[in-house]
Structures are given as structure tokens and as C-alpha cells.
Amino acid sequence: MSSRVEEKVVSVMSEAIEYDHSRIDVSSDRTTCTLKAGGTSVALGDPVFVSGKHSWECVIEESFHSWGDGMLIGVTDATGTTGEAWGLFPLTGHVHICATTDQCGKRGKQVCEPLNGYAKGSRIRVTVDLERRTLAFSIGGKPDVEAGIQLPPQVRPWILMSFQGDSISVGSGKPTVGVERGAVSSESMRRPQCIIHRSDSGARYALPS
């Protein structure tokens, strides 16, 4: 049976006590992360998706020289078994397969033309189909292109940034995402939405809202 549910995708916040304010700034509406200091920083979003088909849009608000370098936008394993992540690298248009969320990993399939030079303002739609365990990307409203990735049973939104001033918004300013035939984990529905920030210093924080 098909259904459409509105769920908040990523809720990022700046008020949590353990948040590393020296490295990353978060908008008041909790949808945009901006890197204040160079070095790899990661945001993981709630909810955790456990079934169905889910799509959300990310906008590159700022990028060093508009290259799209040092950025990955995608999803990470939410089962707690591998820590793997898969994301679009705007600089080249390739998907990268990462052993952990805080590294750029190895290059996979090219799903779009390189955004090098005009990454700023690019709109990237991420689509996961957990019935088929597939990941797809769309740039600027173009048709989805599958990434050739076999996803784990549970995933959550993930972004990585590296250059000071990099900024990515999730949900195009809208804190909701349409969910088709899908569900989120009951655990993520019960607990406060949050992000986890992991920096190259190795620190990891869970930030309750």
C-alpha cells in the first residue's frame, strides 16, 4: 500500500553544549552547515531510513572557487556494522565509496558532468530505494542516475566538507521530505533529531535538539 509521509530529513543545530563551534556553523532553521575552519567535517542526518523510497535535495550554497572539491553528498550505513558511506563528489561528478564517513574513499561511477567551476548553487537530489537497495543522484532537476551501489538495509543522510566557507543546505530550505511507500526507524522517530559531527581531530558528537 502506497503512502506519502512528511518527515524532517536533517535537523542540525548550534545550541548543543558539546558542539564544536570553532569548526562548523549551523543556520537558525537547522538546515544549513557552514564550515568555519578547514579540515574534514561531517554531518549525519536523521531520520534513519529503513524501507521504501526517499528523496531529498541538497544545495551547495558555497564552495571554494566554486569547484565542489572536498565535498561529498549522499548517505551512510545506519546499521552500525560498517560505517561505510557513499556520496557524489561535485568536482568530478563521480560517486565515491568510503570505508568511513570522514574520508573521501575511492572513485566509483560517474553520474553527472563535473561541476568544477560552477558548483555553487547546484541542486543535488539524493534518492534511496531500500526495496531495491539503490542510490541515485539528479543534478538541477535532470533524471535520476543510479550510482551502481548496493546499499545496506538502513541508511541516513550524510555530507562531508573540507574547505573553510563550504556550505551545504539540506532540503532546499524546506525541513521536510516526501516518503514514498517507506518508513523510518521507530528509534529515530522516538529520539530527538540530531546530527553527528566528526572532524579530522577524531572527535565525534551526538547533538540532541
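Residues numbered from 1 in each chain as written. Predicted model: local features only at pLDDT ≥ 70, side-chain atom pairs only at ≥ 80, totals over all residues. Heavy atoms only, no water.

Looking at an unreviewed UniProt entry, one finds the protein named B30.2/SPRY domain-containing protein and attributed to Prymnesium parvum.

Under the counting rule described, the total for this entry stands at five salt bridges. With a closest N to O distance of 4.0 Å, Asp 129 and Arg 132 form a salt bridge. Residue classification places Arg 132 among the partly exposed residues on the basis of a relative accessible area of 45%. In this structure, Glu 146 and Arg 132 form a salt bridge, with 2.8 Å as the shortest nitrogen-oxygen distance. Linking Glu 146 in strand 12 (residues 145-146) with Arg 132 in the loop between strand 10 (123-129) and strand 11 (134-139), this pair joins segments that are 14 residues apart in sequence. In this structure, a network of salt bridges that share partners links the residues Asp 129, Arg 132 and Glu 146. (Salt bridge = Lys/Arg side-chain N within 4 Å of Asp/Glu carboxyl O. Buried < 20%, exposed > 50% of the residue type's maximum accessible area, 1.4 Å probe, protein only. Helix = DSSP H or I, 4+ residues; strand = E, 2+ residues; numbered from the N terminus.)

Attention shifts here to the confidence of the model for the protein. Counting all residues, the mean pLDDT for the protein is 76, and 71% of those residues have values of 70 or more. By mean pLDDT, the top-scoring element of the protein is strand 12 (98), and the lowest-scoring one is strand 17 (residues 204-208) (31). Note on residues 1-19: pLDDT is under 50 here. Beyond four places in sequence and across chains, it has 68 contacts. Here residues 186-209 is modelled with pLDDT under 50, and outside its nearest four sequence neighbours on either side it reaches 68 contacts, counting other chains as well. (pLDDT = per-residue confidence, 0-100. Contact = heavy atoms within 4.5 Å.)

This part covers the side chain of Thr 134. Along the chain, the position of Thr 134 falls in strand 11. Overall, the relative accessible area of 12% leaves Thr 134 in the buried class. At a separation of 3.4 Å, a polar atom in the side chain of Thr 134 contacts the side chain of Arg 132. Thr 134 has contacts with Thr 127, Val 128, Asp 129, Glu 146, Ile 149 and Leu 151, leaving out every residue within four places of it along the chain. (Polar contact = N/O pair within 3.5 Å; in protein donor to acceptor, adjacent residues only side chain to side chain.)

Our next topic: the nonpolar core. In terms of nonpolar packing, the biggest core is built from 33 residues, with Trp 56, Ile 73, Val 75, Val 128, Leu 135, Phe 137 and Leu 151 touching the most fellow members. Listed by contribution, the elements that provide at least two residues to this core are strand 3 (32-35), strand 5 (49-62), strand 6 (72-77), strand 7 (85-89), strand 10, strand 11, strand 13 (155-161) and strand 14 (167-170). At four residues, the largest contribution of residues to this core is made by strand 5. Ignoring sequence-local partners within four residues, the contact set of Leu 151 consists of Val 75, Trp 86, Val 128, Leu 130, Arg 133, Thr 134 and Leu 135. In this structure, Leu 44, Leu 72, Leu 91 and Cys 98 belong to the second largest nonpolar core, which totals nine residues. (Core = buried A, V, L, I, M, F, W, Y, C linked by side-chain atoms within 4.5 Å.)

Before going further, it helps to examine the packing of aromatic side chains. Summed over the entire model, instances satisfying the criterion amount to three aromatic pairs. On the numbers, 5.4 Å between centres and 25 degrees between planes, the contact of Phe 49 with Trp 56 is stacked. Residue Phe 49 shares its accessibility class with Trp 56, and that shared class is buried. The interplanar angle of 85 degrees and the centroid separation of 5.3 Å between the aromatic rings of Phe 64 and Trp 67 together place this pair among those described as edge-to-face. Taking relative accessible area as the criterion, Phe 64 reaches 34% and is therefore assigned partly exposed. Residue class for Trp 67 comes out partly exposed when judged on its relative accessible area of 34%. In this structure an aromatic cluster arises from ring pairing among Phe 64, Trp 67 and Phe 163. (Phe/Tyr/Trp six-rings, centres within 6.5 Å; stacked < 30°, edge-to-face > 60°.)

Further remarks concern unusual backbone geometry. In this model, Ser 66 sits at a positive phi of 60 degrees, which is unusual for a non-glycine residue. Relative to the elements of secondary structure, Ser 66 occurs in the loop between strand 5 and strand 6. Under the relative-accessibility criterion, Ser 66 is labelled buried at 13%. Of note in the backbone geometry, Arg 133 takes a positive phi value of approximately 60 degrees without being a glycine.

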